[in-house]
Amino acid sequence: MPKKASRITLRITNVGVARVQSITNVDALLEGVSDFEEKVMPKDLFKKLWIKINGQNSWDENPFVWALSFNVVRSSKHYR
């Protein structure tokens, strides 16, 4: 997509590699998982979602994943 057509710009601040099972509860919350009604730990919710997306044995395989940190770059332009 051309830069002028994008509605959001991200500036990558850190790139790393980690095993999927090394995710913390704080990291899982930052990934967007939460369920305050069931009182389930965020890491357990992330695991459940990971398995739903990637298959039954995917969590046990504990693959390497990219861990990216970024900042949203604000723009004064308004897009329609």
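Residues numbered from 1 in each chain as written. Predicted model: local features only at pLDDT ≥ 70, side-chain atom pairs only at ≥ 80, totals over all residues. Heavy atoms only, no water.

### Concerning the overall build of the protein
Okay, so step 1: Counting secondary structure elements, the protein contains three helices and two strands.
Okay, so step 2: For the protein, the sequential pattern of α-helices and β-strands runs β-α-α-α-β.
Okay, so step 3: Here the C-alpha atoms of the protein give a radius of gyration of 16 Å, more than 25% beyond the 12 Å that 2.2 N^0.38 yields for 80 residues.
Okay, so step 4: Summarising its shape, the C-alpha atoms of the protein cover approximately 45 × 30 × 20 Å along the three principal directions.
Okay, so step 5: In the protein, buried positions account for 16% of the 80 residues. (Helix = DSSP H or I, 4+ residues; strand = E, 2+ residues; numbered from the N terminus. Rg over C-alpha atoms; globule rule 2.2 N^0.38 Å. Buried < 20%, exposed > 50% of the residue type's maximum accessible area, 1.4 Å probe, protein only.)

### Re the packing of aromatic side chains
Okay, so step 1: If you walk through the whole model with that rule in mind, you get two aromatic pairs.
Okay, so step 2: Over the ring of Phe64 we find Arg19; its NZ or CZ atom is 3.8 Å from the centre of that ring. (Phe/Tyr/Trp six-rings, centres within 6.5 Å; stacked < 30°, edge-to-face > 60°. Lys NZ or Arg CZ within 6 Å of the ring centre and 35° of its normal.)

### Quick word on the environment of Lys52
Okay, so step 1: Checked against the element boundaries, Lys52 lands in helix α2 (residues 42–54).
Okay, so step 2: Of the residues examined, Lys52 reaches a relative accessible area of 73% and is grouped as exposed.
Okay, so step 3: Along the sequence, Lys52 and Lys39 sit 13 residues apart, while their C-alpha atoms lie 20 Å from each other.

### Some points on α2
Okay, so step 1: For α2, built from 13 residues, the straight-helix expectation of 18 Å at 1.5 Å per residue is met to within 8% by its first-to-last C-alpha distance of 18 Å.
Okay, so step 2: Taken together, the buried positions of α2 are Pro42, Leu45, Phe46, Trp50 and Ile51.
Okay, so step 3: The secondary structure elements touched by the buried residues of α2 are α1 (25–30), α3 (58–61) and β2 (64–73). (Expected span 1.5 Å × (residues − 1). Contact = heavy atoms within 4.5 Å.)

### Some thoughts on a nonpolar patch on the surface
Okay, so step 1: On the surface, a nonpolar cluster with roughly 1,100 Å² of combined accessible area is contributed by Ile8, Leu10, Ile12, Val15, Val17, Phe64, Trp66, Leu68, Phe70 and Val72.
Okay, so step 2: For the nonpolar patch, the secondary-structure elements that each account for two or more residues are β1 (9–19) and β2.
Okay, so step 3: Tallying contributions element by element places β2 first for the nonpolar patch, with five residues.
Okay, so step 4: Tracing the backbone through its elements, the reader meets Ile12 in strand β1. (Patch = residues over 30% accessible without salt bridge, like charges linked within 9 Å, V, L, I, M, F, W, Y side chains within 5 Å. Areas by Shrake-Rupley, 256 points an atom, 1.4 Å probe, with all protein chains shown as cover. Salt bridge = Lys/Arg side-chain N within 4 Å of Asp/Glu carboxyl O.)

### A closer look at the confidence of the model for the protein
Okay, so step 1: Scored by pLDDT, the protein comes out at a mean of 88, with 90% of its residues at no less than 70.
Okay, so step 2: When pLDDT is averaged over each helix and strand of the protein, the minimum, 92, is found for α1 and the maximum, 97, for α3. (pLDDT = per-residue confidence, 0-100.)

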